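Residues per chain, in single letters:
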Amino acid sequence: MPASIFRDEVRDVLFRKARQCTKKNEVVRVVPAGKWDPARLRKLRSSLHVSQAVLADIMGVSKATVIAWEHGVNSPSGACARLLDILNAYPDILLEAGVVSIHEVERKRYRMKAKDD
């Protein structure tokens, strides 16, 4: 398992306190998930260079849900808002966690198109 600053920090604090990490003892404070308005969501999706359908697959929701988020009908909450926060801060996590893969054929096609422009 790769090294983790988070795990190391929590372990060190718990070692000094000689108890478990619980909500009551506040060793770890959890920041509330961010608010995701339509413009912020579209900006994230655009920066990832993915369609609404691909973002829906990543998030585990339907394309209609992503469309509703982008039109302001609904907004992401709970686990979806938290995942969007993580994707916004660490977009490479998609590749590192094996959530998505990029096929070489598509990369070549994109490079060729970019050279023509």
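Read on for an overview of the structure. Every chain's residues receive numbers from 1 upward, in the order its sequence appears when written. Under the rules for a predicted model, residues below a pLDDT of 70 receive no local features and side-chain atom pairs below 80 are neither given nor counted, while totals for whole chains, interfaces and linings still include all residues. Calculated side-chain values reflect all of the structure's heavy atoms, with hydrogen atoms and water omitted.

Where a protein is soluble and globular, its nonpolar side chains tend to be buried together. Joining through side-chain atoms within 4.5 Å is the link that ties buried Ala, Val, Leu, Ile, Met, Phe, Trp, Tyr and Cys residues into a set, and such a set is a nonpolar core. Only protein chains enter the accessibility calculation, which uses a 1.4 Å probe. A residue is then buried if its area is under 20% of the maximum for its type, exposed if over 50%, and partly exposed in between. Grouped together as the largest cluster of nonpolar side chains are 16 residues, with contacts concentrated most on Met-59, Trp-69 and Leu-84. Elements supplying a minimum of two residues to this core: helix H2 (38-48), helix H3 (52-59), helix H4 (63-70) and helix H5 (78-89). Apart from the residues lying within four places of it in its own chain, the contact partners of Trp-69 are Pro-38, Leu-41, Met-59, Val-61, Asn-74, Ser-75, Pro-76, Cys-80 and Leu-84. Counting from the N terminus, the helices are the DSSP runs of H or I reaching at least four residues and the strands are the DSSP runs of E reaching at least two. Here, two residues are considered to be in contact whenever any of their heavy atoms come within 4.5 Å of each other.

Between the first and last residue of a helix there are one fewer steps than residues, each counted as 1.5 Å, and that sum is the expected span. In a regular helix each residue adds 1.5 Å, so twelve residues correspond to 16 Å; H5 covers 17 Å between its end C-alpha atoms and thus fits that length. Listing the buried residues of H5 in full gives Cys-80, Ala-81, Leu-84, Asp-85 and Leu-87. The buried residues of H5 occupy an angular sector of 165 degrees when the element is viewed end-on, so they sit on one face. Residues of H5 that are exposed and angled more than 90 degrees away from the buried face: Gly-78 and Ala-79. Think of the arc as the fan of directions from the helix axis to the C-beta atoms.

Before going further, it helps to examine unusual backbone geometry. One non-glycine residue with positive phi stands out, namely His-49, at about 60 degrees. Along the chain, His-49 turns up in the loop between H2 and H3. The exposure class of His-49 is exposed, given its relative accessible area of 70%.

On to the packing of aromatic side chains, then. Centre-to-centre distance and the angle between the planes together describe a pair of aromatic rings. The criterion for an aromatic pair is that two Phe, Tyr or Trp rings (for Trp, the six-membered ring) have centres within 6.5 Å, with stacked assigned to planes under 30 degrees apart, edge-to-face to planes over 60 apart and tilted to the rest. Evaluation of the coordinates by the stated rule reveals zero aromatic pairs. Its end group placed over the ring of Trp-36, Arg-40 keeps NZ or CZ at 3.7 Å from the ring centre. Any Lys NZ or Arg CZ that is within 6 Å of a ring centre and within 35 degrees of that ring's normal is treated as a charge sitting over the ring.

What follows deals with the environment of Val-28. By secondary structure assignment, the location of Val-28 is in the loop between helix H1 (5-17) and H2. Relative accessible area serves as the criterion here: at 28%, Val-28 is assigned to the partly exposed category. The spatial distance from the C-alpha of Val-28 to the C-alpha of Glu-9 is 9.7 Å, given a sequence separation of 19 residues.

On to the side chain of Arg-45, then. Within the element layout of this structure, Arg-45 appears in helix H2. Polar contacts, as counted here, are pairs of nitrogen or oxygen atoms within 3.5 Å of one another; within protein the pair requires one atom able to donate a hydrogen and one able to accept it, and residues that are adjacent in sequence qualify only if both atoms are side-chain atoms. A distance of 3.1 Å separates the side chain of Arg-45 from the backbone oxygen of Val-50, its partner in a polar contact. Of the polar contacts made by the side chain of Arg-45, one reaches the side chain of Glu-70; its length is 2.5 Å. If sequence neighbours within four positions are ignored, Arg-45 has contacts with Val-50, Ser-51, Gln-52, Leu-55 and Glu-70.

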